[in-house]
Amino acid sequence: MDTYLKLFWIFFRVGAFTFGGGYAMVPIIQKEIVEKKGLISETEFLDIIAVAQSLPGAIAVNTSVFVGYKTVGVLGSVFALLGTVLPSLFIIIVLAIFYNYIKDINSIQLFFKGVRPAIVALIFMSAVKLAKAIDKTKFNYFIITAAFLAIAVLDIHPILVVIACACTGLIYTARGKKENDVS
Amino acid sequence: MMYLELFLTFLKIGGFSFGGGYAMLPLIEEEIVYIHQWLSQQEFIDIIAISQMSPGPIAVNAATFVGFKHVGILGSIVATFGVVFTSFILVTTLAKVIIKHYKSTVVTGIFTGIRPAVIGLIGAACVSLFKTSIVDYKSLLIGFTMLILLSKTRLHPISIIMISGIMGVVVFSI
């Protein structure tokens, strides 16, 4: 029971502090699950984000379900998922009731205006940490650059990029294996 | 009946919107504003504003807001349940397969390719967030200060968020 509550509490904080959607949850999960608790490794974390991004639905939801499953099984997913959505549910209901009053309070606006640049810094540091975690091979550098340019410059949908890179990885490992078999 | 309709609509949104975050907005808008007319265009814009000042996945926020506005608290629970249902089924199923075959050539090959790709993806997300968040020298100052704090200290992301928010109130008031 203890493990389930711990998972719930970790993802409750993830759900309560991921402002900005999508990848904003990466730094918090990384800190809690990878660095503090060591429940999964950096590379496993990358794999999980890849899966979360490739399936439909919110990235934070998909990630929490996967991490929950990986650490303690299906019931773990349930607790992680509940933790992720409960803060939203509660806060949105409160905001929906008081929105007309809140939206005119200047300091609240300024607070969130200040949070936005911090999210950029947080996500940047996460990317750097994750980049350090993988092997420094030419193949990895090539894929990082290609994926980045495909999305940031060419505006290709992330899922197509993930699929293309998965195929490249398959061919690359298959060829590497063949060469090993020959030699 | 309203519950079922809410559940099915958000089941569809959760099951067919790829990419997460703001990538889910067009489908949410289509369903909520045009097909079901549960919200007006203005209310939909309000949802985006509310989502920016509240944490959590934007799809979950939208589901909660619409459910609450139309049916009440139970409605928001039903809509949220709908929006995460597909994720739950797909992720647990796929996770089971992946964990079982983690050492197989195919899974290894796929992850060899997508592991570095995810770093590129996060980098690209960072650039697009940079464009919308760093709009003047004050926001640049906040971003830069947080970057220094992050590299010099071991502060928790949550502390960074709180500090930047307070700094925002101070810096933007000047």
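Residues numbered from 1 in each chain as written. Chains lettered and ligands numbered in written order. Predicted model: local features only at pLDDT ≥ 70, side-chain atom pairs only at ≥ 80, totals over all residues. Heavy atoms only, no water.

Caption draft 1: Structural context of the domain arrangement of chain A. Residue and element names in this part refer to chain A. Partitioning chain A into structural domains gives domain 1 (2-133) and domain 2 (135-183). For domain 1 versus domain 2, the distance between C-alpha centres works out to 27 Å. Taken together, the contacts link five residues of domain 1 with five residues of domain 2. Here domain 1 meets domain 2 over a buried area of about 390 Å², counting both sides, of which 55% is carbon and sulfur. One can count one residue pair in polar contact (both at pLDDT 80 or more) joining domain 1 with domain 2. Listing elements by their share of the side of domain 1 that touches domain 2, those giving two or more residues are α3 (42-54) and α6 (106-133). The element best represented in the side of domain 1 that touches domain 2 is α6, accounting for three residues. Of the residues in the side of domain 1 that touches domain 2, the class split is two nonpolar, two polar and one charged. (Domains from an automatic or database assignment. Contact = heavy atoms within 4.5 Å. Buried area = accessible area lost by both parts, 1.4 Å probe. Polar contact = N/O pair within 3.5 Å; in protein donor to acceptor, adjacent residues only side chain to side chain. Helix = DSSP H or I, 4+ residues; strand = E, 2+ residues; numbered from the N terminus. Nonpolar A, V, L, I, M, F, W, Y, C, P; charged D, E, K, R; others polar.)

Caption draft 2: Expanded view of the UniProt feature "transmembrane region" (unreviewed entry) in chain B. Here the UniProt feature "transmembrane region" (unreviewed entry) sits at residues 7-28, 73-94, 106-130 and 155-173 of chain B. Taken end to end, residues 106-130 of chain B is 100% helix and 0% strand, and its first and last C-alpha atoms sit 36 Å apart. (UniProt positions renumbered as here; feature names shortened; annotations may be inferred.)

Caption draft 3: A look at helix α2 (residues 26-36) of chain A. The buried count for α2(A) comes to nine of 11 residues, which makes it a mostly enclosed element. In this structure, the buried side of α2(A) is in contact with α1 (2-17), α3, α4 (59-72) and α6 of chain A together with α6 (105-133) and α8 (157-173) of chain B. Positive backbone phi, approximately 60°, marks G38(A), located one or two places after α2(A). (Buried < 20%, exposed > 50% of the residue type's maximum accessible area, 1.4 Å probe, protein only.)

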